[in-house]
Amino acid sequence: MCSLRLRHWLCLLLSSTLLLGTAHAATPPPPAAQAMIDALTRATTSVVGVKVTATEGARSAETLGLRRAGSGVLISQDGLILTIGYLMLEAEQIEVVTQDNKTLPARAVAYDLATGFGLVRPLLPLRGVAVASLGSSRDLQPGEPLMAVTGPQADDDGDVSMTRLVSRRAFSGSWEYHIESALFTSPPVMASGGNHSGAPLFNQRGELMGIGSLFVSDATGENRRLPGNMFVPVDLLRPILAELQRAGYSAKSRRPWLGITSNDQGGRIQILRVSKESPADLAGLEAGDVVLAVDDAKVATLEAFYKKLWDHAAPDAEIRLTVLQGAEIKTIVLRGQDRMLTLKKPPGI
């Protein structure tokens, strides 16, 4: 890890972090300053690189590629590593890269569709990697300085970025994903190649606040350009951690999936992409279609759309969509699918 960059970051934070928009940042007394340095230094040593090769024929390769790289953070003494789940979708091979440039084979422990978290565990013991302290993002305030860390890769030692909390709000992803409280930060994480996937976010006490998911162009959510990142708060992990280790997913991940990518600009839910052989594809939905209602209930936002879909208890429930196709309004009846059952597994599993 780039210790010189970390020290530079700490100097800025501890003196007067005008770069973060803090007008009157007071320098902590020496004992507090040293405690912060120690906590943040330890936090960086809990971060690893994660490399994934997807299995041949994986549908997720269309959008994520066959080879993926990101970060993870050690959260327990037995080697459990938390990362962002899309990195490990349909993984054939998973490797963990430590800060002393050792590469260890790893296996998938869990992928949670509902939160977006992923868990992996190396097949060999981790040496020299600290266990991160799980915190809570509930008390974070807008403008609060935070530290994002990216893990090492074959040609990259990883990096430390200073950022700040810009907003905390619900987030709906175009890929049938919604969480009630996401963390948005700026400036964005600027790792090699712009890689922010799975980067852990720490507060000034070195406690884990969230896991990096997306680069966003509007971190404020107020329709003005402010580049940043969206982090999935670690608060979502606590209630389901035992379940993830036991079952490999949470119960909320078993819900209807249609296989569409959409947006909701201007109060219209427009389909941008339809996954091959998905329920939406088989029912005749196409890119450009506009979803007007689910089971006769009008929907104007992705959040409302998803929540109506997920009102159905069974993943394969029958769903009635009212759709505008061209100039014609149609009613399309289809059955959802359990997304977890569509994911391709390596041979022998």
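Basis of the calculations
Per-chain numbering applies: the sequence of each chain, read as written, is numbered from 1 onward. Selection of residues for local features in this predicted model requires a pLDDT of at least 70, selection of side-chain atom pairs for listing and counting requires 80 or more, and totals for whole chains, interfaces and linings are taken over all residues. Only hydrogens and water are set aside; all other atoms, that is, all heavy atoms of the structure, feed into the side-chain values. A run of H or I in DSSP becomes a helix once it reaches four residues, and a run of E becomes a strand once it reaches two; helices and strands are each numbered from the N terminus. When accessible area is computed with a 1.4 Å probe and restricted to protein chains, residues below 20% of their type maximum are described as buried, those above 50% as exposed, and intermediate ones as partly exposed. Pairs of residues are marked as contacts when any of their non-hydrogen atoms sit within 4.5 Å. Per-residue and other accessible areas were derived by the Shrake-Rupley procedure at a 1.4 Å probe size, with only the shown protein chains allowed to occlude residues. Any two strands between which DSSP finds at least two bridges are classified as paired. Fitting a line to C-alpha atoms yields each axis, with helices limited to the stretch in contact; the angle taken between N-to-C directions then spans 0 to 180 degrees. Take a side-chain nitrogen of Lys or Arg and a carboxyl oxygen of Asp or Glu: if they are within 4 Å of each other, that pair is a salt bridge. To form a nonpolar core, buried Ala, Val, Leu, Ile, Met, Phe, Trp, Tyr and Cys residues must be joined to one another through side-chain atoms within 4.5 Å. Counting of polar contacts relies on pairs of N or O atoms within 3.5 Å, with two restrictions inside protein: one atom must be capable of donating a hydrogen and the other of accepting it, and residues adjacent in sequence are counted only when both atoms are side-chain atoms.

Engineer: Honestly, the overall build of the protein in this entry has me stumped. Any pointers?
Structural biologist: Along its length, the protein carries 7 helices and 21 strands. For the protein, the residues scored as buried account for 53% of the 349 residues in total. If you take every contact in the protein between residues at least 6 apart in sequence, the share linking residues at least 24 apart comes to 61%. As displayed, the protein offers around 15,900 Å² of accessible surface, 52% of which is attributable to carbon and sulfur atoms.

Engineer: What should I look at first to understand the sheet that holds strand β1 (residues 47-54) in this one?
Structural biologist: Pairing between the strands of a sheet comes from backbone hydrogen bonds, and it takes one of two forms, parallel or antiparallel. Spatial ordering of the closed barrel is given by β1-β2-β3-β6-β5-β4, a layout of 6 strands whose pairing is antiparallel. The sheet shows a mean angle of 40° between the axes of neighbouring strands, taken without regard to direction. One ladder, built from 6 bridges, connects β1 with strand β4 (residues 91-97); its direction is antiparallel. Across the sheet, K51 pairs through a bridge with E95, a residue of β4.

Engineer: Explanation requested: the pattern of salt bridges in the structure shown.
Structural biologist: When the charged atoms of two side chains with opposite charge come close together, those side chains can pair. Summed over all chains, the structure comprises 12 salt bridges. Notably, a salt bridge pairs R224 with E222, separated by 3.4 Å at the nearest N-O pair. Classification of E222 as exposed rests on a relative accessible area of 54%. Where D296 meets R320, a salt bridge forms, and the shortest distance between an N and an O atom there is 2.6 Å. Residue D296 is located in the loop between β17 (290-294) and β18 (297-298), and its partner R320 is located in strand β19 (residues 318-325); the two are separated by 24 residues in the primary sequence. Owing to a relative accessible area of 55%, D296 belongs among the exposed residues under this scheme. Judged by relative accessible area, R320 falls into the partly exposed class, the value being 31%.

Engineer: Help me understand the environment of R273, please; the structure alone is not making it clear to me.
Structural biologist: As for its placement among the helices and strands, R273 is situated in strand β16 (residues 269-274). Taking relative accessible area as the criterion, R273 reaches 27% and is therefore assigned partly exposed. Measuring from C-alpha to C-alpha, the distance between R273 and L285 comes to 9.4 Å, with 12 residues separating the pair along the chain. Discounting residues that sit within four places of it in the chain, R273 has contacts with E62, T63, G259, I260, T261 and A287.

Engineer: Explain the nonpolar core here, please?
Structural biologist: Among soluble globular proteins, nonpolar side chains are generally buried collectively. By size, the foremost hydrophobic cluster in this structure holds 37 residues, and its most contacted members are I75, L82, L119 and F202. The greatest single-element share of this core, amounting to 4 residues, is contributed by strand β10 (residues 177-186). Formed by 20 residues, the second largest nonpolar core is a distinct cluster that contains A280, V291, V294 and L302.

Engineer: Just checking my understanding: could you explain unusual backbone geometry for this structure?
Structural biologist: A negative phi holds for most residues other than glycine; trans holds for most peptide bonds. Residue P187 is bonded to the preceding S186 through a cis peptide linkage, with omega at 0°. Within the secondary structure, P187 is located in the loop between β10 and β11 (200-202). Of note in this structure, E176 is not a glycine but carries a positive phi near 65°. If you trace the backbone, E176 turns up in the loop between β9 (159-173) and β10.

Engineer: Explain the pairing of β4 here, please?
Structural biologist: Each regular strand carries side chains that alternate between the two faces of the sheet. Both β4 and strand β5 (residues 103-111) contribute to a ladder of 4 bridges, which runs antiparallel. Its bridge partner being in β5, I94 is matched across the sheet by A106. Adjacent in sequence and paired antiparallel, β4 and β5 are bridged by 5 residues, among which N101 carries a positive phi angle near 65°.

Engineer: I tried to follow the pairing of β10 on my own but got confused; where do I start?
Structural biologist: β10 sits mainly inside the fold: 8 of its 10 residues count as buried. Relative to β10, β9 runs antiparallel, the two sharing 8 bridges. Looking at β10, one finds that L165 is bridged to T185. Between β9 and β10, which follow one another and run antiparallel, lie 3 residues, and E176 among them has a positive phi close to 65°. The sheet contact formed by β10 and strand β13 (residues 228-233) spans 3 bridges and is antiparallel. Bridged to L183 within β13 is F231.

Engineer: Which parts of the structure should I look at to understand the environment of G326?
Structural biologist: Tracing the chain through its elements places G326 in the loop between β19 and β20 (328-335). Expressed as a C-alpha distance, the spacing of G326 and G288, which sit 38 residues apart in the sequence, is 8.0 Å.

Engineer: Honestly, the side chain of S60 in this entry has me stumped. Any pointers?
Structural biologist: Tracing the backbone through its elements, the reader meets S60 in the loop between β1 and α3 (61-64). Reaching out from S60, the side chain makes a polar contact with the side chain of E90 at a distance of 2.7 Å. Excluding its chain neighbours within four sequence positions, the residues that come into contact with S60 are G65, R68, L89 and E90.

Geometric values such as these leave the question of function open.
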